[in-house]
Amino acid sequence: MGRIVLDKVSKSFGTTEVIPPLDLTIEEGEFAVFVGPSGCGKSTLLRLIAGLEDVSGGVVKINGEDATAVPPAKRGLAMVFQSYALYPHMSVRKNIAFPLRMAKLDKSEIKQRVEDAASVLNLTDYLDRRPGQLSGGQRQRVAIGRAIVREPEAFLFDEPLSNLDAALRVGMRLEISELHKRLATTMIYVTHDQVEAMTMADKIVVLQAGVIEQVGSPLELYRSPRNKFVAGFIGSPKMNLLEGSEAARYNAHTIGIRPEHLTVSTDGNGWQGVVGVSEHLGSDTFLHVQCDDFEPTLTVRADGELDLDYGARVSITPDLNHLHLFDHDGQRIG
Amino acid sequence: MATHHSRSAARMMMAPAVIVLLGWMLIPLTMTLYFSFKKYLPLRGGDLGWTGFDNYTRFISSSAFLPSVQATLIIVGGVLVITVVLGVLLALLLDQPMWGQGIVRVLVIAPFFVMPTVSGLVWKNMFMDPVNGLLAHLWKFFGATPVEWLSHASLQSIIMITSWQWLPFATLILLTAIQSLDREQLEAAEMDGAPPLKRFTYIILPHLSRAIAVVILIQTIFLLSIFAEIFVTTAGSFGTRTLTYLIYQRVLESQNVGLGSAGGVYAIILANIVAIFLMRIVGKSLDT
Ligand SMILES: Nc1ncnc2c1ncn2[C@@H]1O[C@H](COP(=O)(O)OP(=O)(O)OP(=O)(O)O)[C@@H](O)[C@H]1O
Ligand SMILES: [Mg+2]
């Protein structure tokens, strides 16, 4: 259970069309991630699926049934909000129990399920606290707990980790992925962080201005981005994009090459340039190289131990097997 | 205000305000206490010397005393219930997006700007008059006999007039409280399967508890001493003699300053009992 189909769904606020008609299928048990820059309509799309926002056109189907006119409570979906939206005056226990109380389950069943959820999420010691007395990560877990007790058809997450610090974010990312493996329930996850998208998703949906740019597995998007936007958005650090005479050599308007597909040497006959800032991560070093022949600086991934001084002259050779070619409109041609 | 120096400077600069406030409060209080122990009849001999607790026993043993306390409490309680309940409902209503929101909000607040004397007179003459009042016409339109509001339903009338005056205040405070409620909480509750009524009782009402506490506390302070509304409508007759009104009658109508002052001291005690009582019930929601 938990197959969600959007059929020509669109959304306008007044006269501004935020989401032009789009089609999308999320398979049962899939971890789908909506990713895109701020304001591209990710949250809106999620809210359309949740039923918190009415569609302006099209049909939302859940498990093959038309759910367009079904109120949010009846769709069998659970949502985790960016602000967590915990009920501040209720204890953690009551927060988690709330959906079950609304569903009028009997007391012992509620108690059992709340305690199960709490032990899954390591919240057992905090059950009698108020949300205000918890840390950000704990609040996040309570919000997830409130979602899982209902055993929904699908989970909807709207940027659930954006309020956490970097270390905690990595931890929670793993926990959510693990939860998905364990529950095998459909999850739709909204983020603007492409690292989260790459690490968690079975299927990534890249959005820009309400339009789906590409749908695919993380590696598909990494290997063959359908256009320049996806190419620039997926992958960290960003793909290097070059226009002009370099691109013309390959009969393309723009060529793209990822930092990991460039080799740097001190005596080669590739692109000649000068090393600018180098970022040492330990495992890798990212060099920013200003080439002699073209304007944009290249980002190059090199060995972590490589030690090149600021201003050192280097030669850079692209791996031609991993060259991405784009035409005038930014569409992929090879 | 961390250093010793800045603290003493702050103390010095606050001193004038504190002294004025103290004078403002202490002088009337001391004078009330002073007169309450005197036999003081301005038109019948003036200051006739000390009488000990005579005024206190006379005030409390008067047949008007207990009914006046009762009337006071009924009016305060009635107005509180009406303004809080209607205030919450109105605030919910005004929070909905609607056409002409700005104008509607100004209209709702308007009664608060009408002076108590004026609103008392307007209600008495234009609404509650058994011959010419609007309510009388309404009753007649439906074939009923007009109610003689101020004589047959006097306490209810006073409560109605005062509630009309204080409803805007309650509504305004509750509206701002509702507007500060995180929309995502309501949406989360909606997704959790809570129908509108449950969303109200489980999410909105607890969120409002603090604002309701503030409304109740502030209104009680003012309502314990309402006077003008009674003065211009029933003049204390038909069971609308509150403690404040009784004191007024003792001092000005009976020209007995000592007796009135003793009443004033009782009023202070009553106000404090009510305040402590309210703080107990309501204050809890202020802590969290
Ligand atoms: N209630 C609304 N009324 C009018 N416009 C809205 C409304 N909600 C969203 N929008 C517009 O719709 C667009 C998409 O908004 P949305 O919240 O879906 O963006 P997002 O992709 O979630 O961005 P972010 O990553 O910043 O959360 C934005 O341009 C926003 O201004
Ligand atoms: Mg968003």
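Conventions used here
Residues numbered from 1 in each chain as written. Chains lettered and ligands numbered in written order. Predicted model: local features only at pLDDT ≥ 70, side-chain atom pairs only at ≥ 80, totals over all residues. Heavy atoms only, no water. Helix = DSSP H or I, 4+ residues; strand = E, 2+ residues; numbered from the N terminus. Rg over C-alpha atoms; globule rule 2.2 N^0.38 Å. Buried < 20%, exposed > 50% of the residue type's maximum accessible area, 1.4 Å probe, protein only. Contact = heavy atoms within 4.5 Å. Areas by Shrake-Rupley, 256 points an atom, 1.4 Å probe, with all protein chains shown as cover. Lys, Arg positive; Asp, Glu negative; His and termini not counted. Charge placed at Lys NZ, Arg CZ, Asp CG, Glu CD. Near = heavy atom within 4 Å. Polar contact = N/O pair within 3.5 Å; in protein donor to acceptor, adjacent residues only side chain to side chain. Patch = residues over 30% accessible without salt bridge, like charges linked within 9 Å, V, L, I, M, F, W, Y side chains within 5 Å. Salt bridge = Lys/Arg side-chain N within 4 Å of Asp/Glu carboxyl O. Core = buried A, V, L, I, M, F, W, Y, C linked by side-chain atoms within 4.5 Å. Expected span 1.5 Å × (residues − 1). Arc of directions from axis to C-beta. Pairing = 2+ DSSP bridges. Axes fitted to C-alpha atoms, helices over the stretch in contact; angles between N-to-C directions. Buried area = accessible area lost by both parts, 1.4 Å probe. Nonpolar A, V, L, I, M, F, W, Y, C, P; charged D, E, K, R; others polar. Parallel < 35°, antiparallel > 145°, perpendicular 65-115°, else oblique. Left-handed = near helix turned anticlockwise from the far one by under 90°.

## Overview of the overall build of chain B
Reasoning step 1: For chain B, the helix and strand inventory stands at 13 helices and two strands.
Reasoning step 2: Here chain B has a C-alpha radius of gyration of 24 Å; the compact-globule value for 288 residues is 19 Å, and the former is much larger.
Reasoning step 3: Residue burial in chain B is summarised as follows: out of 288 residues, 40% are buried.
Reasoning step 4: Expressed as a percentage of contacts within chain B between residues at least 6 apart in sequence, the contacts between residues at least 24 apart total 68%.
Reasoning step 5: Taken as a whole, chain B presents about 16100 Å² of accessible surface, with 74% of it coming from carbon and sulfur.
Reasoning step 6: Seen as two clouds, the 17 positive and the 13 negative side-chain charges of chain B have centres 11 Å apart.

## Looking at the site of ligand 1
Residue and element names in this part refer to chain A.
Reasoning step 1: Around ligand 1 sit Phe13, Val18, Ser38, Gly39, Cys40, Gly41, Lys42, Ser43, Thr44 and Glu159, and those are all the residues in its vicinity.
Reasoning step 2: Between ligand 1 and the protein, one listed contact pairs an oxygen atom with a side-chain N or O atom of Lys42 at 2.8 Å.
Reasoning step 3: Between ligand 1 and the protein, one listed contact pairs an oxygen atom with a side-chain N or O atom of Thr44 at 2.5 Å.
Reasoning step 4: Coverage of ligand 1 by the protein chains reaches 56% of its 630 Å² of free accessible surface.

## A word on a nonpolar patch on the surface
All names here are of chain B.
Reasoning step 1: Together, Met14, Val18, Leu22, Met25, Leu26, Leu29, Leu33 and Ile268 line one region of the surface with nonpolar side chains, adding up to about 670 Å² of accessible area.
Reasoning step 2: Top contributing element to the nonpolar patch by residue count: helix α1 (residues 4–36), with seven residues.
Reasoning step 3: Note that Leu33 resides in helix α1.
Reasoning step 4: Given the relative accessible area of 37%, Leu33 is considered partly exposed.

## Considering the nonpolar core
Reasoning step 1: Formed by 90 residues in total, the largest nonpolar core has its most connected members in Ile4, Leu6 and Phe34 of chain A.
Reasoning step 2: A total of 11 residues in this core trace back to one element, the largest contributor, which is helix α3 (residues 65–95) of chain B.
Reasoning step 3: Non-local contacts of Phe34 of chain A, meaning those with residues more than four positions away in its chain, are made with Leu24, Ile26, Lys42, Leu45, Leu46, Ile49, Ile188, Tyr189, Val190, Thr191, Val205 and Leu207 of chain A.
Reasoning step 4: Listed in part, the 43 residues of the second largest apolar core include Val35, Tyr84, Ala143 and Ile176 of chain A.

## Some remarks on helix α3 (residues 107–120) of chain A
Side chains three or four residues apart in an α-helix point the same way, a direct result of the helix having 3.6 residues per turn.
Residue and element names in this part refer to chain A.
Reasoning step 1: Spanning 14 residues, α3 covers 20 Å between terminal C-alpha atoms, matching the ideal 20 Å at 1.5 Å per step.
Reasoning step 2: Restricting attention to buried positions, one finds in α3 the residues Ile110, Arg113, Val114, Ala117 and Ala118. Seen from one end, α3 has its buried residues packed into an arc of 135°, which puts them on one side.
Reasoning step 3: Close packing links the buried residues of α3 with α2 (92–102) and α4 (136–148).
Reasoning step 4: Directly beyond the C-terminal end of α3, a positive phi value near 55° is found at Asn122.

## Let's talk about the sheet that holds strand β4 (residues 57–62) of chain A
All names here are of chain A.
Reasoning step 1: Within the open sheet, the four strands sit side by side as β2-β1-β4-β5. Their pairing is antiparallel. Looking along the sheet, the strands with just one partner apiece sit at the ends: β2 (16–26) and β5 (65–66).
Reasoning step 2: With five bridges joining them, strand β1 (residues 4–13) and β4 adopt antiparallel strand pairing. Of the residues in β4, the one forming a bridge with Val5 is Lys61.
Reasoning step 3: Running at roughly 120° to β1, helix α1 (residues 42–50) makes contact with β1, β2 and β4 of the sheet.

## Some remarks on the interface of chain A and chain B
Reasoning step 1: The interface of chain A with chain B comprises 25 residues on the first partner and 16 residues on the second.
Reasoning step 2: A combined buried area of about 1800 Å² lies between chain A and chain B, and 59% of that area is made up of carbon and sulfur atoms.
Reasoning step 3: One can count three salt bridges joining chain A with chain B.
Reasoning step 4: As a salt-bridge pair, Asp192 of chain B and Arg150 of chain A come within 3.9 Å of each other at their nearest N and O atoms.
Reasoning step 5: Listed by contribution, the elements that provide at least two residues to the side of chain A that touches chain B are α1, β6 (77–80) and α2 of chain A.
Reasoning step 6: Ranked by residues supplied to the side of chain A that touches chain B, first place goes to α2 of chain A with four residues.
Reasoning step 7: Residues belonging to the side of chain A that touches chain B are distributed by class as follows: 16 nonpolar, three polar and six charged.

## Description of the sheet that holds strand β3 (residues 31–35) of chain A
Residues and elements named next belong to chain A.
Reasoning step 1: Read across the sheet, six strands follow the order β6-β7-β8-β3-β9-β10 without closing on themselves; strand pairing throughout is mixed. A single partner strand is all that each edge strand has here, and the edge strands are β6 and β10 (211–216). Taking each pair of neighbouring strands and ignoring which way they run, the sheet shows an average axis angle of 15°.
Reasoning step 2: Seen against the sheet, helix α5 (residues 166–183) touches β3, β7 (154–158) and β8 (186–191) and runs at an angle of roughly 160° to β8.

## Focus: the packing of α2 of chain A against α3 of chain A
Residues and elements named next belong to chain A.
Reasoning step 1: Interhelical geometry of α2 versus α3 gives an angle of 130° and a closest axis separation of 10 Å. For the element pair α2 / α3, the angle class is oblique. Of the two possible hands of crossing, α2 and α3 adopt the one that is right-handed. Side by side, α2 and α3 meet where Arg93, Ile96, Ala97, Leu100 and Arg101 of the first sit next to Ile110, Arg113, Val114 and Glu115 of the second.

## Considerations on the pairing of strand β16 (residues 298–303) of chain A
Residue and element names in this part refer to chain A.
Reasoning step 1: Bridging between strand β15 (residues 284–291) and β16 involves six bridges; their strand directions are antiparallel. Directly across from Phe286, in β16, lies its bridge partner Arg301.
Reasoning step 2: Between the end of β15 and the start of β16, which pair antiparallel, lie six residues.

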